[in-house]
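# Fold and geometry: a report
Below are the chains, spelled out letter by letter.
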Amino acid sequence: GENVEQHPSTLSVQEGDSAVIKCTYSDSASNYFPWYKQELGKRPQLIIDIRSNVGEKKDQRIAVTLNKTAKHFSLHITETQPEDSAVYFCAASNFGGSNYKLTFGKGTLLTVNP
Amino acid sequence: NAGVTQTPKFQVLKTGQSMTLQCAQDMNHNSMYWYRQDPGMGLRLIYYSASEGTTDKGEVPNGYNVSRLNKREFSLRLESAAPSQTSVYFCASSEWVSNEQFFGPGTRLTVL
C-alpha cells in the first residue's frame, strides 16, 4: 500500500518568514495530493491540493509543488503569520481508481513566533 | 448544513466495555471514513465505506467494526474496549468527484 513520509515533524519560524514542509510517497499510481491544516483542538481542514497533471498550484500565501519523477511534494507558506500556527498533514491517493482512501503523513507542527 | 456531525464528543470507558460512535453527514456524499489520531502518529484509517452498502478495512481495523446504516450514517463500534484504543476518533466524508474529505469535530475516547 501507499506510504507517505513527512518532514520535519516540528518547524518553528519567525513571523514573516517562509515555511516549507516536504512529503514523499511510495505508490507511483498516486495522483492526488491534498494538504490539511489542523488547529489545536479542531478538525483537519483542506487548505490546498494538487493533482498529478499539475506541477505547482498557488493560493495567496500558500503553494504546493509536485515532482512526480522523484515522488515528492511540498507545501510552501510565505509571509507567515501567527494564525498559521497549526499541525499540517500531507496525504496521497490514487483518486479515480477503485481506491478512495487517503494515506496521511504523520504531520508537522508549525509554530510562528511573533 | 451541519456538515459532518459526531456523537458523543467525549467518552470514558472501562476496559472490556463496548460502545458505538455515531457519524452523520448531510452533504449527500458517497464515501465515509473513520480515523483515529494519536500523538505523533497522524491520522490512521480504521475503516471506510466507498459507497452505501460497502465497507472495507483500513490501516488499523483490529478491535473495531463498522456499519454503513444508510448514505448519511456510518457508525464505529468497539466491542471490548482496550486502553490501546484511547484516542481521538474522526469521521469524514467525501464525494467521488472532488475527493476532498470533510471531517467531523471528533470524539475523544479514554479507556481506563
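Above this text is the structure in question.
This report concerns the structure included in the present document.

Thresholds applied
- Residues numbered from 1 in each chain as written.
- Chains lettered and ligands numbered in written order.
- Predicted model: local features only at pLDDT ≥ 70, side-chain atom pairs only at ≥ 80, totals over all residues.
- Heavy atoms only, no water.
- Pairing = 2+ DSSP bridges.
- Helix = DSSP H or I, 4+ residues; strand = E, 2+ residues; numbered from the N terminus.
- Axes fitted to C-alpha atoms, helices over the stretch in contact; angles between N-to-C directions.
- Contact = heavy atoms within 4.5 Å.
- Buried area = accessible area lost by both parts, 1.4 Å probe.
- Salt bridge = Lys/Arg side-chain N within 4 Å of Asp/Glu carboxyl O.
- Polar contact = N/O pair within 3.5 Å; in protein donor to acceptor, adjacent residues only side chain to side chain.
- Nonpolar A, V, L, I, M, F, W, Y, C, P; charged D, E, K, R; others polar.
- Phe/Tyr/Trp six-rings, centres within 6.5 Å; stacked < 30°, edge-to-face > 60°.
- Buried < 20%, exposed > 50% of the residue type's maximum accessible area, 1.4 Å probe, protein only.
- 1 Å grid on protein atoms, 1.4 Å probe; cavity = no way out; pocket = protein on both sides within 12 Å on 5 of 7 lines; lining within 4 Å.
- Points joined across faces, edges and corners; volume = space filled by probe spheres on them.
- Disulfide = S-S within 2.5 Å.

## Comments concerning the sheet that holds strand β1 (residues 4–7) of chain B
Residue and element names in this part refer to chain B.
- Strand order across the open sheet formed by four strands is β1-β3-β8-β7, with antiparallel pairing between neighbours. One side of each edge strand has no neighbouring strand; the edge strands of this open sheet are β1 and β7 (64–68). The average angle at which neighbouring strand axes cross in this sheet is 20°, direction not considered.

## Structural notes on the interface of chain B and chain A
- The partner chain A presents 17 residues to the 22 residues of chain B that form the contact.
- Taken over both partners, the interface formed by chain B and chain A buries close to 1,800 Å², and the fraction arising from carbon and sulfur atoms is 58%.
- The largest share of the area that chain B buries against chain A comes from Leu43(B), Asn99(B) and Phe103(B), three residues that together contribute 30% of it.
- Summed over the shared surface of chain B and chain A, the result is zero salt bridges.
- Where chain B packs against chain A, one counts four residue pairs in polar contact (both at pLDDT 80 or more).
- Contributing elements (two or more residues each) for the side of chain B that touches chain A: β4 (31–38), β5 (42–49) and β10 (101–103) of chain B.
- When its residues are assigned to classes, the side of chain B that touches chain A shows 13 nonpolar, eight polar and one charged.

## A closer look at the packing of aromatic side chains
- Per the stated rule, a full pass over the model turns up 14 aromatic pairs over all chains.
- Seen in terms of ring centroids, Phe90(B) and Phe103(B) are 6.2 Å apart; in terms of plane orientation they differ by 85°. Their pairing is edge-to-face. Of this pair, Phe90(B) sits in strand β9 (residues 87–94) while Phe103(B) sits in strand β10, and the two are 13 residues apart along the sequence. Note on accessibility: Phe90(B) and Phe103(B) belong to one class, buried.
- In textbook terms, an aromatic cluster arises when at least three aromatic residues are bridged by ring pairs, as seen for Tyr36(A), Phe89(A), Phe104(A), Tyr33(B), Tyr35(B), Tyr48(B), Phe90(B) and Phe103(B).

## Quick notes on the layout of surface pockets
- Considering only enclosed or pocket space, the largest pocket measures out at about 790 Å³ in volume.
- As for the largest pocket, its lining consists of 34 residues, and the residues nearest its centre are Gln38(A), Leu40(A), Gly41(A), Gln37(B) and Arg108(B).
- Of all elements in the fold, only β9 (86–92) and β11 (108–113) of chain A together with β4, β9 and β11 (107–111) of chain B reach the threshold of two or more residues within the lining of the largest pocket.
- When residues in the lining of the largest pocket are grouped by element, the largest group, four residues, is from β11(B).
- Across the lining of the largest pocket, the residue classes break down as 12 nonpolar, 15 polar and seven charged.
- Every element with two or more residues in the lining of the second largest pocket is listed here: β1 (4–7) and β10 (103–104) of chain A together with β5 of chain B.

## Focus: the pairing of β7(B)
Residue and element names in this part refer to chain B.
- Burial along β7 is one-sided: the residues Tyr-64, Val-66 and Arg-68 are buried and none of Asn-65 and Ser-67 is.
- Here five bridges tie β7 to strand β8 (residues 74–78), and the two strands are oriented antiparallel to one another. Of the residues in β8, the one forming a bridge with Val-66 is Leu-76.
- Connecting β7 to the antiparallel partner β8 that follows it, the hairpin turn spans five residues.

## Looking at the side chain of Ser30(A)
Residue and element names in this part refer to chain A.
- Among the structural elements, Ser-30 can be located in the loop between β3 (19–25) and β4 (32–38).
- Assessed through its relative accessible area of 2%, Ser-30 is described here as buried.
- Here Glu-2 takes part through its side chain, which lies 2.4 Å from a polar atom of the side chain of Ser-30.
- In this view, Ser-30 contacts Glu-2, Tyr-25, Ala-92, Ser-93 and Asn-94; residues no more than four positions away in its chain are not counted.

## Some thoughts on the state of the cysteines
- Applying the stated criterion to the full structure yields two disulfides over all chains.
- Each disulfide pairs two cysteine sulfurs, and for Cys23(A) the partner residue is Cys90(A), the sulfurs being separated by 1.9 Å. Taking the sign of the torsion about the S-S bond as the criterion, the disulfide between Cys23(A) and Cys90(A), at about -100°, is left-handed. In this pair, Cys23(A) is assigned in strand β3 and Cys90(A) in strand β9, connecting sequence segments 67 residues apart. Comparing Cys23(A) with Cys90(A), the two get one shared label, buried.
- Two residues share a disulfide in this structure: Cys23(B) and Cys91(B), whose sulfurs sit 1.8 Å from each other. The disulfide joining Cys23(B) to Cys91(B) has a torsion of about -70° about its S-S bond and is therefore left-handed. Of the two residues, Cys23(B) sits in strand β3 (residues 19–25) while Cys91(B) sits in strand β9, which places them 68 residues apart along the sequence.
- With a relative accessible area of 0%, Cys91(B) lands in the buried category.

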